[in-house]
Amino acid sequence: MLYYTDLHIHSKYSRATSKSCNLEELAIWAKKKGLSLIGTGDFTHPAWFAEIQDKLVPSGNGTFRLKPEIEKQIGASVKFILTVEISTIYKKWDKTRKVHHVVFMPNLETAQNFRQKLDTIGNIKSDGRPILGLDSRNLLETVLESGEDGYIIPAHIWTPWFSVLGSKSGFDSIEDCYGDLSEHIFAVETGLSSDPEMNWHVSKLDKFRLVSNSDAHSPSKLAREATVFTTEPDYYSIMNALKTGDGYCGTVEFFPEEGKYHEDGHRKCGVCLTPEETKKLNGICPVCGKPMTIGVLYRVNELSDRFGEITPPPTAGNVFSLVPLQEILSEIMNVG
């Protein structure tokens, strides 16, 4: 049996999300997309945490589900895991770092401990994805100190502006980012603009399980990417699968060319270039004359130490690529 999960999503308290989003809408869309388990998103936000406490009940082994009367009303049932995306912005080694992390918690008590610790550090009330002036290593330490079995997965690791390996504000390795606590990182999220095969070119990532999630800001975007497991759909089985590979099947992927950060350029200038074209221009936009945003493909090439045809590393899973139905229909009908 395959269990499709989508663990990196946002609730109605994220910046770009429809105000109509709630736990019921997430469950309805999860059913439409064939998902067995999804993240709650945004559990650090006080109002969303209160909604989680009000509408969800434990369903065993670190998972939750909507109360029976709510499930009956909407005709949909899905398991939830407590998740939140955290943005850390800080100075390290004379450079401003901007890194996004997906945090996982096994129960409400541990999540509450984590929330309270963050509340003393920064503002967790203004947005579903709190922005903290906290070193990534110290965020991980806070997760570990909040209770047993909390963990972090670095989010969309190649995104230029807000990721652990991004060209604008990231590092050259996971170890550089998380320091002496990097042994507690056992999985990384590839993001919409890269796929596993691209990541296999970087041998220093071999030790990590690769996951893909939608990073959805609205329920209809659920499962544009997802992670597939053959283990039981619960918190501890998934955590063990990511650590050991036992029950980890692989990922459902966007074609990375569809990701908005795949190649280099300037969106406002209408410029989109391959790494080879960027190098010929010395990274300068041919329209405005300013440095271009260096995309995921260029950055992966920078850190690659394998070239040509790649043998998947032992940690690799199966890769299933798809194109969203609405994009297929829009192409057929010749509409936007």
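Please read all numbers here as calculations on a predicted model, not as lab measurements.

(A) Inspection of the packing of helix 2 (residues 46-55) against helix 4 (residues 108-119) at higher detail. Contact geometry of helix 2 with helix 4 gives a least axis separation of 12 Å together with a crossing angle of 170°. On the basis of their axis angle, the class for helix 2 and helix 4 is roughly antiparallel. Here helix 2 contributes Pro46, Phe49, Ile52 and Gln53 to the contact with helix 4, which in turn contributes Leu108, Ala111, Gln112 and Arg115. Split into classes, the residues belonging to the contact of helix 2 with helix 4 amount to five nonpolar, two polar and one charged.

(B) Examining the pattern of salt bridges more closely. Counting across every chain of the model gives twelve salt bridges. The closest approach of N and O atoms between glutamate 85 and arginine 129, which form a salt bridge, is 3.5 Å. One end of the pair, glutamate 85, is in strand 5 (residues 79-92); the other, arginine 129, is in the loop between helix 4 and strand 7 (131-132), and 44 residues separate them in sequence. Arginine 306 serves as the salt-bridge partner of aspartate 206, at 2.4 Å between the closest nitrogen and oxygen. Linking aspartate 206 in the loop between helix 7 (196-199) and strand 10 (209-211) with arginine 306 in the loop between helix 10 (296-303) and strand 15 (318-322), this pair joins segments that are 100 residues apart in sequence. Aspartate 206 gets classed as buried once you look at its relative accessible area, which sits at 18%. Each of Glu24, Glu51 and Lys55 takes part in one network of salt bridges that share partners.

(C) Inspection of the nonpolar core at higher detail. Within the largest apolar cluster, 81 residues are counted, with the highest numbers of intra-cluster contacts made by Leu26, Phe43, Phe80, Phe114, Tyr151, Trp158 and Leu242. A per-element tally of this core places strand 5 first, with six residues. Once residues lying within four places of it in the same chain are set aside, the contact partners of phenylalanine 114 are Phe43, Thr44, Val84, Ile86, Val103, Met105, Leu139, Thr142, Val143 and Ser146.

(D) Region of interest: the packing of aromatic side chains. Tallied over the full model, the rule gives seven aromatic pairs. Plain terms: the ring middles of tyrosine 151 and tyrosine 235 are 5.8 Å apart, the flat faces sit at 55° to each other, and that makes the pair tilted. In this pair, tyrosine 151 sits in strand 8 (residues 151-154) while tyrosine 235 sits in helix 8 (residues 235-244), placing the two residues 84 residues apart along the sequence. Taken as a pair, tyrosine 151 and tyrosine 235 share a single burial class, namely buried. Seen from their ring centres, tyrosine 235 and tyrosine 236 are 5.3 Å apart, and the 75° between their planes marks the pair as edge-to-face. Using a relative accessible area of 0% as the deciding quantity, one classes tyrosine 235 as buried. Linked through ring pairs, Phe104, Tyr151, Phe186, Tyr235 and Tyr236 together constitute an aromatic cluster.

(E) How the structure looks around the pairing of strand 5. Among the 14 residues that make up strand 5, eleven are buried, leaving the element largely enclosed by the rest of the structure. Bridging between strand 2 (residues 37-39) and strand 5 involves three bridges; their strand directions are parallel. Of the residues in strand 5, the one forming a bridge with glycine 39 is isoleucine 81. Two elements, strand 5 and strand 6 (residues 95-105), share eleven bridges in a ladder whose sense is antiparallel. Among the inter-strand pairings, valine 84 is bridged to a residue of strand 6, identified as valine 103.

(F) Structural detail: the side chain of threonine 190. Relative to the helices and strands, threonine 190 resides in the loop between strand 9 (187-189) and helix 7. If we ignore the near neighbours within four places in the chain, the residues touching threonine 190 are His156, Ile157, Trp158, Asn199, Leu210, Val211, Ser212 and Glu253.

Basis of the calculations
- Residues numbered from 1 in each chain as written.
- Predicted model: local features only at pLDDT ≥ 70, side-chain atom pairs only at ≥ 80, totals over all residues.
- Heavy atoms only, no water.
- Axes fitted to C-alpha atoms, helices over the stretch in contact; angles between N-to-C directions.
- Helix = DSSP H or I, 4+ residues; strand = E, 2+ residues; numbered from the N terminus.
- Parallel < 35°, antiparallel > 145°, perpendicular 65-115°, else oblique.
- Contact = heavy atoms within 4.5 Å.
- Nonpolar A, V, L, I, M, F, W, Y, C, P; charged D, E, K, R; others polar.
- Salt bridge = Lys/Arg side-chain N within 4 Å of Asp/Glu carboxyl O.
- Buried < 20%, exposed > 50% of the residue type's maximum accessible area, 1.4 Å probe, protein only.
- Core = buried A, V, L, I, M, F, W, Y, C linked by side-chain atoms within 4.5 Å.
- Phe/Tyr/Trp six-rings, centres within 6.5 Å; stacked < 30°, edge-to-face > 60°.
- Pairing = 2+ DSSP bridges.

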